[in-house]
Amino acid sequence: MDYADPARLPALLADPHVLAVFGFRAGDAAPPSDDPRYLQVGLQPDGEPQLEVWRSTGAVQCGRDADGLAWASDGALMFGALQIDEARHGGIAGAAEHSYAQLLSALPRHGYPHLLRIWNYLDAIIEGEGDDERYRQFCIGRARGLGDVDPGTLPAATAIGRLDGVRVLQVYWLAARAPGTPLENPRQVSAWRYPRQYGPQSPSFARAMLAAPGSTLPLLLSGTASVVGHATLHGEDTLRQLEETFANLDALVGTARARLPALPARFGAGSRLKVYVRDAAEIPLVRQALSRHLPPEVAYIVLHAAVCRRDLRVEIDGVHGA
Ligand code: 3EB
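Reading the values: the criteria
- Residues numbered from 1 in each chain as written.
- Predicted model: local features only at pLDDT ≥ 70, side-chain atom pairs only at ≥ 80, totals over all residues.
- Heavy atoms only, no water.
- Helix = DSSP H or I, 4+ residues; strand = E, 2+ residues; numbered from the N terminus.
- Rg over C-alpha atoms; globule rule 2.2 N^0.38 Å.
- Buried < 20%, exposed > 50% of the residue type's maximum accessible area, 1.4 Å probe, protein only.
- Contact = heavy atoms within 4.5 Å.
- Areas by Shrake-Rupley, 256 points an atom, 1.4 Å probe, with all protein chains shown as cover.
- Lys, Arg positive; Asp, Glu negative; His and termini not counted.
- Charge placed at Lys NZ, Arg CZ, Asp CG, Glu CD.
- Phe/Tyr/Trp six-rings, centres within 6.5 Å; stacked < 30°, edge-to-face > 60°.
- Near = heavy atom within 4 Å.
- Polar contact = N/O pair within 3.5 Å; in protein donor to acceptor, adjacent residues only side chain to side chain.
- Nonpolar A, V, L, I, M, F, W, Y, C, P; charged D, E, K, R; others polar.
- Pairing = 2+ DSSP bridges.
- Axes fitted to C-alpha atoms, helices over the stretch in contact; angles between N-to-C directions.
- 1 Å grid on protein atoms, 1.4 Å probe; cavity = no way out; pocket = protein on both sides within 12 Å on 5 of 7 lines; lining within 4 Å.
- Points joined across faces, edges and corners; volume = space filled by probe spheres on them.

The number of helices and strands found in the chain is 5 helices and 19 strands. Over its C-alpha trace the chain gives a radius of gyration of 18 Å, about what one expects of a compact globule, namely 20 Å for 322 residues. Over its C-alpha atoms, taken along the principal directions, the chain stretches across nearly 45 × 45 × 40 Å. Within the chain, buried positions represent 53% of all 322 residues. Long-range pairs, those at least 24 residues apart, make up 75% of the contacts in the chain between residues at least 6 apart in sequence. When the accessible area of the chain is evaluated, it comes to approximately 13000 Å², of which 52% is carbon and sulfur surface. Mean positive and mean negative side-chain charge positions of the chain (31 and 36 charges, respectively) differ by 4 Å.

Next up on the list: the packing of aromatic side chains. The geometry of an aromatic ring pair is captured by the separation of the ring centres together with the interplanar angle, meaning the angle of the planes. As enumerated under the stated definition, the model contains 12 aromatic pairs in all. The interplanar angle of 90° and the centroid separation of 5.7 Å between the aromatic rings of tryptophan 54 and phenylalanine 79 together place this pair among those described as edge-to-face. Of the two residues, tryptophan 54 is situated in strand β5 (residues 51–55) and phenylalanine 79 in strand β8 (residues 77–85); the sequence distance between them amounts to 25 residues. Exposure remark for phenylalanine 79: the relative accessible area of 0% places this residue in the buried category. Between the aromatic rings of tyrosine 121 and tyrosine 172, the centroid separation amounts to 5.9 Å while the plane-to-plane angle is 45°, which identifies the pairing as tilted.

Here we come to the site of the ligand. Surveying the vicinity of the ligand reveals 13 residues, the closest of which are Tyr135, Arg142, Tyr194, Phe205 and Arg207. In the environment of the ligand, an oxygen atom lies 2.5 Å from a nitrogen or oxygen atom belonging to the side chain of tyrosine 135. Contact distances for the ligand include 2.9 Å between an oxygen atom and a side-chain N or O atom of arginine 207. Within the complex, the protein chains bury 100% of what would otherwise be the 360 Å² of accessible surface of the ligand. When residues of the shell around the ligand are traced back to their parent elements, those giving at least two are α3 (134–146) and β10 (156–162). Top contributing element to the shell around the ligand by residue count: β10, with 3 residues. In the shell around the ligand, the residues fall into 8 nonpolar, 2 polar and 3 charged.

Moving on, we get to the pairing of strand β2 (residues 18–24). The buried count for β2 comes to 7 of 7 residues, which makes it a mostly enclosed element. Pairing of β2 with β5 involves 5 bridges; the strand directions are antiparallel. Among the inter-strand pairings, phenylalanine 22 is bridged to a residue of β5, identified as glutamate 52.

This paragraph deals with unusual backbone geometry. The bulk of non-glycine residues show a negative phi, and the bulk of peptide bonds are trans. Non-glycine residue alanine 124 carries a positive phi angle of around 50°. Tracing the backbone shows alanine 124 in the loop between β9 (114–123) and α3.

A few words now on the sheet that holds strand β1 (residues 2–4). Reading across the sheet, the 4 strands line up as β1-β5-β2-β3 and stay open at both edges, with mixed pairing between neighbours. Two strands close off the open sheet at either side, each with one partner strand: β1 and β3 (38–41). The mean inter-strand angle of the sheet, taken between neighbouring strand axes irrespective of direction, is 25°. Two elements, β1 and β5, share 3 bridges in a ladder whose sense is antiparallel. Note that in β5 the partner of aspartate 2 across the bridge is valine 53.

This part is about the layout of surface pockets. Its boundaries defined by the atoms lining it, the largest pocket holds a volume of some 720 Å³. Together, 37 residues line the largest pocket, and Arg55, Leu77, Thr216, Leu217 and Pro218 are the ones closest to its centre. Elements that contribute at least two residues to the lining of the largest pocket include exactly β1, β5, β9, β11 (168–176), β17 (271–277) and β19 (314–320). Per-element accounting of the lining of the largest pocket gives the leading share, 4 residues, to β17.

Rendered as structure tokens:
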């Protein structure tokens, strides 16, 4: 996984080893392509627009299913993406249920039954009061679409709010032929065990995923924020939230190293991060803290986005390998 200049999009899509490319940019100014490996995500990057590129070691095949699902696969891994119009499914809960049911039925058909990692991007994630909040409704629909799944097999995930006003649920994922190992964070209550106060349906995700032994995939880190136990900490202080987030990420890397000692203890040249910041005005402050905290080899992008709890000001996901 890497970041690249948008001008390179045609060259990247001409490369048969490219599994997926993401253009992060709100509005309609993103470079166009109808290649199924390309997805425009309506999140606003800070600074120059960037592409995110997933490269494969094998040759990639790709296509679009009759139901609109875009896919690319290389014999070991499958990328897939869905963009579901909320209005056609009665709202965000219906759209989430539909997407998860659709993708779960597609995975075995494509021969990649094991979901490793999934990203969920939806507009106005904290709009609505109490249990009507759109994130809570998304959690309800997701759980319905997943059906009767063993929580110990849930994928790593991100669920983040776009600010583009487009009521289309964007879901994309990485699935594999072989199952990975989901990891939990010793500092945090498992999300699927969150108590009722956060909504009628606890969120369905694992804190991180390690691919099957022998895979070249890095550790896949879920969206991680200033949550300890199940509570938000430092609600008024972005920098302390960032510190707590890094403490959570460190704990996850520690958990992964117990299974894979070759994994570096610290973020470095094999780490890529996406940093989601709620208030655009705080991005310079966050960038300053990131440059203090991270060695220069770590590539990251900063996105202006809404985190799924009102009191969370920052969230980070990414990958970490050798
Ligand atoms: C948290 O720790 C922060 O609902 O898929 C992070 C990653 C969060 C994924 C999801 C939510 C999700 O609860 C929020």
